[in-house]
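# Understanding the architecture of this molecule
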Amino acid sequence: MELIDVIISKENLNRAYKKVVANKGAGGVDGMIVEELGAYIKENKDEIVRSIRNRTYMPKPVRRVYIPKDNGKMRPLGIPTVLDRVIQQAIAQPIIDIYEELFSEFSYGFRPGRSCHDAIKQALEYLNEGYEWVIDIDIEQFFDKVNHDKLIQTLREQVNDSTTLNLIRKYLKAGAMEKGLEKATTSGVPQGGPLSVVLSNVYLYKLDKELEQRGLRFTRYADDTMVFTKSEMAANRVMKSITDWIERKLFLKVNATKTKVVRPTRSKYLGFTFLNHGGEWKVKPTTEKKKS
DNA sequence: ATTAGAAACTA
RNA sequence: CCGUAGUUUCUAAU
């Protein structure tokens, strides 16, 4: 039994469908909404499953939408068709099962049973152990810069099913519809589908392994990585070599100005600020909560 | 213990 | 109108 068979199994597809419907998200480029999805699948499920199985299924391009971020910049979203979201979710579920036990215990983003709070707790542990020189690594537009070949190559180590890998690659190359015209996607994982977060963790799983092999203390939340060392000298040395490794091995660009060695008090992490109370490191929310 | 709905936050 | 993942809180149900 190949992985593609568990992906297109009735139970897996049904779980994926329920998840997409529960989200009540907006429609993709074909304009179909989640309320219409059930009837459409009922009518076409045999043909859909068959085309996935014999590799003729072609994902639709994602619908490009820009949403404003806190810092005034715009974040590009790629919204897949509701049907493609079901198929992506169906791919993601077994992939997650495979990778969850392999992922680093210091990787906290987008993973079941893990939260920002856990990452903060780990960071505080490092600080209170005396690792007070922090390297804040900023990867430039991570989601848009992921290298397709490197990602597939990484997946191949655990997923030895060519039909599944072929389908995933089609989703990576599905393209984006921007005001009427289609734009090819030659790199990146489309932000907006259930697969993107899983694939991002698979890609940066390689970084986790490298950091662990070097015996470094770190926490990672999605592309947000912090490394903790005991001296400024070590921090600078590690920052340079890790930056070099990321650019050479992961084909990503590390932002030279935003990547820096900082003291904990000067750094904000996942919405929290570190502060030292009589020799002990604590944390407080960066954004003030309004009192009710 | 699970499922379902609402809100907030992180990326 | 703007997607996805996780977490937290609340409510309801089995």
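Please read all numbers here as calculations on a predicted model, not as lab measurements.

As a further point, take the UniProt feature "domain: Reverse transcriptase" (unreviewed entry) in chain A. Sequence positions flagged by UniProt for "domain: Reverse transcriptase" (unreviewed entry) are, in local numbering, residues 48–274. In residues 48–274, the share of helix is 44% and the share of strand is 19%. The end C-alpha atoms are 51 Å apart.

Moving on, we come to the protein's contact with RNA strand C. Near RNA strand C you find 20 residues, and of these Asn23, Arg63, Gly113, Arg114 and Gly192 are the closest. When atoms of RNA strand C within 4 Å of the protein are sorted by moiety, sugar and phosphate together comprise 76%. Arg85 places a side-chain nitrogen or oxygen 3.3 Å from a phosphate oxygen of RNA strand C. Arg114 is positioned with one of its backbone polar atoms (N or O) 2.5 Å from a sugar or linking oxygen of RNA strand C. Looking at the surface near RNA strand C, the elements that each hand over two or more residues are helix 2 (10–23), strand 1 (62–68), strand 2 (74–79), helix 4 (82–100) and helix 9 (194–213). Residue composition of the surface near RNA strand C, by class: eight nonpolar, seven polar and five charged.

This next bit is on the protein's contact with DNA strand B. Around DNA strand B sit Lys24, Phe110, Cys116, Tyr221, Asp223, Asp224 and Leu270, and that is every residue in its neighbourhood. At a separation of 2.3 Å, a phosphate oxygen of DNA strand B approaches a polar side-chain atom of Lys24. In the environment of DNA strand B, a sugar or linking oxygen lies 3.0 Å from a nitrogen or oxygen atom belonging to the side chain of Asp223. Its residues placed into classes, the surface near DNA strand B shows four nonpolar, no polar and three charged.

Scored by pLDDT, chain A has a mean of 90; 98% of the residues are at 70 or more. Here the predicted complex carries an ipTM of 0.82, next to a pTM of 0.90.

Moving on: the sheet that holds strand 6 (residues 217–221). Pairing is antiparallel in the open sheet, where four strands are placed in the order 6-7-3-8. Two strands bound the open sheet, and with one partner strand each, they are strand 6 and strand 8 (260–262). Sheet twist, expressed as the average angle between the axes of neighbouring strands with direction ignored, equals 25°. By the bridge criterion, five bridges tie strand 3 (residues 133–137) to strand 7 (residues 224–229) in an arrangement that is antiparallel. Within strand 7, the position partnered with Trp133 by the bridge is Thr229. Each of strand 3, strand 6 and strand 7 is contacted by helix 5 (residues 116–128), which is oriented at about 165° to strand 6, the strand it contacts most. Seen against the sheet, helix 10 (residues 232–249) touches strand 3, strand 7 and strand 8 and runs at an angle of roughly 20° to strand 3.

The rules behind each value
- Residues numbered from 1 in each chain as written.
- Chains lettered and ligands numbered in written order.
- Predicted model: local features only at pLDDT ≥ 70, side-chain atom pairs only at ≥ 80, totals over all residues.
- Heavy atoms only, no water.
- UniProt positions renumbered as here; feature names shortened; annotations may be inferred.
- Helix = DSSP H or I, 4+ residues; strand = E, 2+ residues; numbered from the N terminus.
- Near = heavy atom within 4 Å.
- Polar contact = N/O pair within 3.5 Å; in protein donor to acceptor, adjacent residues only side chain to side chain.
- Nonpolar A, V, L, I, M, F, W, Y, C, P; charged D, E, K, R; others polar.
- pLDDT = per-residue confidence, 0-100.
- Pairing = 2+ DSSP bridges.
- Axes fitted to C-alpha atoms, helices over the stretch in contact; angles between N-to-C directions.
- Contact = heavy atoms within 4.5 Å.

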